[in-house]
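What follows is each chain in one-letter form.
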Amino acid sequence: MPTGAKVFLILVGALLPLALIALLTTLQTTRTADTEARARLRAVADESTGNLDNALTNQANQLREGLTALERDSSDASSCMRLVGTFAAQGGVRFAIARDDGQVICGQRVSLAGAGAVPPGETQALVNDEGLTIRMAGSRGMTALAYYPVAALNAMSRPSGFVPEYGAALVKGDQRVVLRTLQGVGPLGRREEIRGELSIGGLELEMSMPGAPITSPLILTTLLLVLMWIAAAAIGWFVVDILLIRPLRRLRRSVGNYRPGEVIDMRRMGAIPAQEIRELGETFQQISRTVQLHEADLAQGLVRQTKLTREVHHRVKNNLQVISSLINFHARGARSLEATEAYASIQRRVDALAVVHRHHYAELEENRGLDLRSVIGELAANIRATAPENAAGLGLTLDIEPLLVNQDVAIAVAFLLTELVELAMSCNPRTQVRISIKGTDDPERATLRVNSPALVEDPALQALMENRYERVIFGLARQLRSKLHYDPLVGAFEAAIAMTGRP
């Protein structure tokens, strides 16, 4: 995750408690307002429930007393007039006392649609969309009814004094009649409801008032808190990004693009507001300047070393040439054939060493290794040039693949070939010698093979091997870290040599 994202998340987490505290404070204020509204609603509901319950209970008692009196004497006009006076004070309220055949003997006819039988002495309350009907049965088959329309019930339940907007409904089970509709509750508005029980027919009065509203200022305040929380985190991230992250990125690009020998230019990085990062950049600049100085010293040292190496190789080559010239000079002044041949033998070995050294110096710049094909070709030419006069018919056949070897292997191979060719010439000066070097399945090994009819086993060859050549030949094979195989029937010597690759 990028550092900027980490910083932003850390700031969001760090500022989250402050945002939550502010949000909880707002919610607590709303909750306090809800508690106050609920307390006001409780007081209003208690008052309205008491008013309605007292009115309905008193009128129900008077209606039962009138029913009882009219059952004793249906012509009791005074009891009927008292009921008329009682219900006349309530606008829109009607009552009726009727015999079992439906004849009204007091009051006005009231519809009994949907009313079932009422047990004697019981009181029944019926609720519908139009209002409330209270029905009671007497002991002698007569029935009393009282009908309260919505307006009358609303007037009876209205609390005294000034109250805020409220709603009221009369509820019995799943039946309800709305006495007053709560106004002013919008889509985001909330309402508080409380029910109070009445002592008649299982009725309940449901009162409702608006709760603490979710107003646009409250929504705006909450949104501002969230925006302030996010803005604070964003500002913190922006400051860190400007002061630290961007300068560090520029410094990283400058250091990443650095090449040995250059000096980091702080001016290309632009203005860096953070002092610590400026100091870090200056430190990198000083390091690059130091590296530049060291690179220059190393380059000068490499030039001096190259010159010295070339001088050493030049002097070694000259010394070998001087040695070869001295041997040739003394060979010309030799008084016997044996001495001349001895000088020629020594000169062939010096030439073998000179050939390897010359090719090694030529390949030194590329450091790939010595081309064994070129080395042996030049070595064969030198052997022919230094062969004795009686070896004018000497034939050397080369079958060598282009292979690369290191200097140690090249020197050992050159000396080994020189010894084997000289051994063959010692047995038969006009012999034919075949030299082959072939690669094998192993990419790091090759096979060296020298065969000649003069190398077929016979007493003369055995005598030369025992007296002079055997220790040298097998010693050179040990330098090659290989075993030298000899086939006496065909006159062939064979050994495995290490190679470094192909040109």
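Located above this text is the structure these notes cover.
Along each chain, residue indices are assigned from 1 in the same order as the chain's sequence is written. Only residues with pLDDT of 70 or above have their local features reported here, since the model is predicted, and side-chain atom pairs are shown and tallied only from 80 upward, although totals for entire chains, interfaces and linings are computed over all residues. Processing note: side-chain calculations cover all non-hydrogen atoms of the structure and skip hydrogens and water entirely.

A. Structural context of the pattern of salt bridges. The term salt bridge refers to a pairing of a side-chain nitrogen on Lys or Arg with a carboxyl oxygen on Asp or Glu at a separation within 4 Å. For the structure shown, the criterion picks out 9 salt bridges. Of the charged contacts in the structure, one is a salt bridge between Glu206 and Arg195, with a shortest N-O distance of 3.1 Å. You can see Glu206 sitting in strand β9 (residues 204–210) and its partner Arg195 sitting in strand β8 (residues 191–197), a full 11 residues away along the chain. Given a relative accessible area of 43%, Arg195 falls into the partly exposed group. If you follow the salt bridges from partner to partner, you end up with Arg176, Arg195, Glu204 and Glu206 in one network. What counts as a helix is a DSSP run of H or I of at least four residues, what counts as a strand is a run of E of at least two, and both are numbered from the N terminus. Relative accessibility thresholds used throughout: buried, under 20% of the residue-type maximum; exposed, over 50%; partly exposed, between the two (1.4 Å probe, protein chains only).

B. Local environment of the nonpolar core. Among the buried residues, those of types Ala, Val, Leu, Ile, Met, Phe, Trp, Tyr and Cys that are joined through side-chain atoms within 4.5 Å form a nonpolar core. The biggest cluster of nonpolar side chains holds 49 residues, and the ones touching the most others in it are Val413, Leu417, Val433, Ile437, Leu448, Ile473 and Ile497. It is helix α8 (residues 407–427) that contributes the most residues to this core, 12 residues altogether. Residue contacts for Leu417: discarding those within four places in its chain leaves Ile376, Leu379, Ile435, Leu448 and Val450. By size, the runner-up hydrophobic cluster in this structure holds 42 residues, among which are Leu67, Ala144, Leu153 and Val177. By definition, residues are in contact when any of their heavy atoms lie within 4.5 Å.

C. Looking closely at the side chain of Thr143. The topology assignment puts Thr143 in strand β5 (residues 143–149). Other than its neighbours up to four places away in sequence, Thr143 contacts Leu67, Ala96, Ile97, Ala98, Arg135 and Met136.

D. Highlighting helix α7 (residues 372–385). Residue count minus one, scaled by 1.5 Å, sets the expected span of a helix. Between its first and last C-alpha atoms α7 spans 20 Å; for 14 residues at 1.5 Å apiece the expected length is 20 Å, and the two agree. Of the residues making up α7, those classed as buried are Leu372, Val375, Ile376, Leu379, Ala380 and Ile383. End-on view of α7: buried residues confined to an arc of 130°, all on one side of the axis. Here, the arc refers to the directions that run from the helix axis to the C-beta atoms.

E. The pairing of strand β16 (residues 492–498), seen in detail. When DSSP locates at least two bridges between a pair of strands, those strands are taken to pair. Here 7 bridges tie strand β14 (residues 445–451) to β16, and the two strands are oriented antiparallel to one another. Paired with Asn451 across the two strands is Ala492, which belongs to β16. The pairing of strand β15 (residues 485–487) with β16 spans 3 bridges and is antiparallel. Residue His485 lies in a different strand from β16, and its bridge partner there is Glu494. The turn joining β15 and β16, which pair antiparallel and follow one another in sequence, is formed by 4 residues; a positive phi near 70° is taken by Gly491.

F. Region of interest: the environment of Gly107. Within the element layout of this structure, Gly107 appears in strand β2 (residues 104–107). Judged by relative accessible area, which is 39%, Gly107 ranks as partly exposed. Apart from residues lying up to four places away in sequence, Gly107 is in contact with Cys80, Phe95 and Ala96.

G. Region of interest: the sheet that holds strand β1 (residues 94–98). Ordered by their spatial adjacency, 5 strands build an open sheet running β2-β1-β5-β4-β3, and the pairing between neighbours is antiparallel. Only two strands of the sheet have a single partner each, and these edge strands are β2 and β3 (123–128). Here the strands of the sheet are splayed against their neighbours by 20° on average, with no regard to which way each runs. In the sheet, β3 pairs with strand β4 (residues 131–137) via 6 bridges, with the strands oriented antiparallel. Every axis in this analysis is a line fitted to C-alpha atoms, fitted for helices over the stretch in contact. Angles between the N-to-C directions lie between 0 and 180 degrees.

H. Just the packing of aromatic side chains, in detail. Within 6.5 Å between ring centres, the rings of Phe, Tyr and Trp (the latter by its six-membered ring) count as paired, and their orientation is classed by plane angle as stacked under 30 degrees, edge-to-face over 60, tilted in between. With the rule as written, the count across this model stands at 2 aromatic pairs. An angle of 20° between the planes, with centres 5.0 Å apart, marks the rings of Phe87 and Phe95 as stacked. Per residue, the accessibility class of Phe87 equals that of Phe95, and both read buried. Lysine NZ or arginine CZ positioned within 6 Å of the ring centre and within 35 degrees of the ring normal marks a charge as sitting over the ring. Looking at Arg180, its charged tip hangs above the ring of Tyr166, at a distance of 4.5 Å from the centre.

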